[in-house]
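Residue-level structure breakdown
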Amino acid sequence: MTSFGKIKKLKLRDIWQKEAHDFTPWLAKNITGLGESIGMELELNTIEANVGDFSLDLLANDLGTGSSVVIENQLTPTDHDHLGKLLTYAAGFDAKTVVWVAESIRDEHRQTLEWLNQRTGSDTQFFAVIIEVIQIDDSKPAYNFRPVVFPNEWQKSSRRKADSNISTKGDAYKSFFQNLIDDLREKHKFTGARIGQPQNWYAFSAGISGIQFCAVFSQGGKVRVEAYIDLGDYDKNKKVFDNLYAQRENIEQEIGLNLTWEKLEEKRASRISIYQDGSIESNEEELIQIHNWMIDKLLKFKKVFKPKFNVIIKKIAT
């Protein structure tokens, strides 16, 4: 007969004594897990970002849309003070996504966030996420992010269709990338993203801040997959690119592809790409081929480039 252990829920204060000094830095390091719990790929931007006299816990980027995400965290149940701050931060950073992480969500605050999700525009979303720490007998503690308030995607999608700014082509992009990220998540464990967007590109985290792997419908009837380099600093970006370009022959041999090396001297970022013919207006059979081509190239890019990025960025930082 199987013997089961006893699950117990630990107090958050037993793990993190102080919000600002303990919990917020931990959350910043584990922002990928938070993003996965709400179906997004999050990349940390700033800890303790200033908004007037106040300081937001975490400012992040949603890689799927390129938009700002404000995150406020508590080791206690939610309160009115943090609700007011959260809305102030959302306005200050013009954020499309607002995430409130706490020990528990009071009913009145749950109702407020649900009301905001119902009343705001199609590109604005509010999440409330409970952080739990559990232990089985004397095992190591484990954490869990549990969303309890999230936008009703059906309602948001209905509004998008009624929005004259979203074209038929935008709907086609959204459908294509929805299928792409679903396959990448479910079959290849490549991403935690869950919602496609009505745009011609989608960016995926490389697990390294400032580095992304992207699938793009570009101009001129081309599609591309790229490693996108933007560490926030022109000189650092070009150094990373130059280090990779010096290994060009070995990289192309390892990945089995002839790549396009785009330093983009006139821009801050740089990229390394591969192109093929294709358009969102292609027929169904051609779109399936583009879908499979993008998945194959994204997997190869991540396998080959990620370890090289890790080495080069550490080298530049020292």
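Throughout this description, residue numbers start from 1 for each chain and increase along the sequence as written. Selection of residues for local features in this predicted model requires a pLDDT of at least 70, selection of side-chain atom pairs for listing and counting requires 80 or more, and totals for whole chains, interfaces and linings are taken over all residues. Side-chain metrics in this entry use all non-hydrogen atoms of the structure; hydrogen atoms and water are not considered.

1. Some points on the layout of surface pockets
A probe as big as a water molecule, rolled over the atoms, marks out the empty space that is left. Here a cavity is any set of points on a 1 Å grid over the protein atoms alone where a 1.4 Å probe fits but cannot get out, and a pocket is any open set with protein on both sides within 12 Å along at least 5 of 7 lines; a residue lines the site when it has an atom within 4 Å of a point. Grid points are joined across faces, edges and corners, and a volume is the space filled by probe spheres set on the points. The space that makes up the second largest pocket amounts to roughly 380 Å³. Secondary structure elements follow DSSP: runs of H or I of four or more residues count as helices, runs of E of two or more count as strands, with numbering from the N terminus. When residues of the lining of the second largest pocket are traced back to their parent elements, those giving at least two are β3 (54–62), β8 (201–205), β9 (211–218) and β10 (222–229). Partitioned by chemical class, the residues of the lining of the second largest pocket number seven nonpolar, six polar and six charged. Gly is placed with the polar residues, together with every amino acid not listed as nonpolar (Ala, Val, Leu, Ile, Met, Phe, Trp, Tyr, Cys and Pro) or charged (Asp, Glu, Lys and Arg).

2. A few points about the packing of helix α8 (residues 234–245) against helix α10 (residues 284–317)
Fitted lines through C-alpha atoms serve as axes, helices being fitted only where they are in contact, and the angles separating the N-to-C directions of these axes extend from 0 to 180 degrees. In the contact formed by α8 and α10, the axes pass within 10 Å of each other and the chain directions differ by 125°. Judged by the inter-axis angle, α8 sits oblique to α10. Note on packing geometry: the crossing formed by α8 with α10 is right-handed. The segment α8 lies against α10, with K236, K239, V240, N243 and L244 engaging F305, K308, F309, I312, I313, K315 and I316. Angle categories: roughly parallel below 35 degrees, roughly antiparallel above 145, roughly perpendicular from 65 to 115, and oblique for all the rest. Should the near helix be turned anticlockwise from the far one by less than a right angle, the crossing is left-handed, and should it be turned clockwise, the crossing is right-handed. We call two residues in contact whenever any of their non-hydrogen atoms come within 4.5 Å of each other.

3. A closer look at the sheet that holds β10
As summarised here, the arrangement of the five strands in space is β8-β9-β10-β12-β11, forming an open sheet in which the pairing is antiparallel. The sheet is open, and its two borders are formed by β8 and β11 (260–262), each paired with just one other strand. On average, each strand axis in the sheet is inclined to that of its neighbour by 20°, with strand direction left out of account. Only strands that DSSP links by at least two bridges are regarded as paired with each other. Pairing analysis gives five bridges linking β8 to β9, with the strands arranged antiparallel. Within β9, the position partnered with F204 by the bridge is F213. Across the sheet, helix α7 (residues 168–186) lies against β8 and β9, angled at about 25° from β8, the strand it touches most. Strands in contact with α10 are β8, β9, β10 and β12 (270–277); relative to β10, the strand with the most contacts, it is inclined by about 15°.

4. Concerning the pattern of salt bridges
Between Lys or Arg on one side and Asp or Glu on the other, a salt bridge is scored when a side-chain nitrogen of the former is within 4 Å of a carboxyl oxygen of the latter. One pass over the structure, following the stated rule, counts 17 salt bridges. The shortest N-O distance in the salt bridge between R271 and E226 comes to 3.7 Å. Here R271 is found in strand β12, whereas its partner E226 is found in strand β10, with 45 residues between them in sequence. Think of it in three bands: residues with accessible area under 20% of the maximum for their type are buried, residues over 50% are exposed, and the middle band is partly exposed, with areas taken using a 1.4 Å probe on protein chains only. The exposure class assigned to R271 is buried, which follows from its relative accessible area of 15%. Residue E226 is classed as buried on the basis of its relative accessible area, which comes to 4%. With its nearest N and O atoms 3.5 Å apart, the salt bridge here joins K300 to D296. On the criterion of helical spacing, the pair formed by K300 and D296 is a turn pair, its members being four residues apart in helix α10.

5. What to know about α10
Expected helix span is taken as 1.5 Å per residue step, with the number of steps being one fewer than the number of residues. Taking 1.5 Å per residue as the helical rise, α10 with its 34 residues ought to reach 50 Å, and the 46 Å between its terminal C-alpha atoms agrees with that figure. Along its length, α10 shows its largest kink, about 35°, at F305, and proline P307 lies within four residues downstream of that point. Whenever a nitrogen or oxygen atom comes within 3.5 Å of another N or O atom, the pair is scored as a polar contact, on the condition that within protein one atom can donate a hydrogen and the other can accept it, and that pairs from neighbouring residues in sequence are kept only if both atoms are in side chains. In this structure N283 caps α10, since a side-chain oxygen of it lies 3.2 Å from the backbone nitrogen of E285. The reported bend at a residue is simply the angle between two axes, fitted to the 7 residues ending at it and to the 7 residues beginning with it.

6. A few points about helix α4 (residues 80–92)
For α4, which comprises 13 residues, the first-to-last C-alpha distance of 18 Å matches the rise-based estimate of 18 Å (1.5 Å per residue) to within 8%. Looking at the buried side of α4, the elements it contacts are α2 (19–29), β2 (42–51), β3, β4 (67–73), β5 (97–102) and α5 (107–119). The residue sitting at the N-terminus of α4 and contributing the capping side-chain oxygen is D79; that oxygen lies 3.3 Å from the backbone nitrogen of D81. Phi turns positive, to about 50°, at D94, one or two residues after α4.

7. Things to note about a nonpolar patch on the surface
Each patch is built from residues that are more than 30% exposed by relative accessible area and take part in no salt bridge. Like charges join if they lie within 9 Å; nonpolar side chains (Val, Leu, Ile, Met, Phe, Trp, Tyr) join within 5 Å. Here, Shrake-Rupley sampling with a 1.4 Å probe gives the accessible areas, and only protein chains in the shown set may cover a residue. Nonpolar side chains collect at one region of the surface, where I7, I134 and I136 lie side by side and expose about 260 Å² of accessible area between them. Structurally, I7 can be placed in strand β1 (residues 7–9). A relative accessible area of 58% places I7 in the exposed class.

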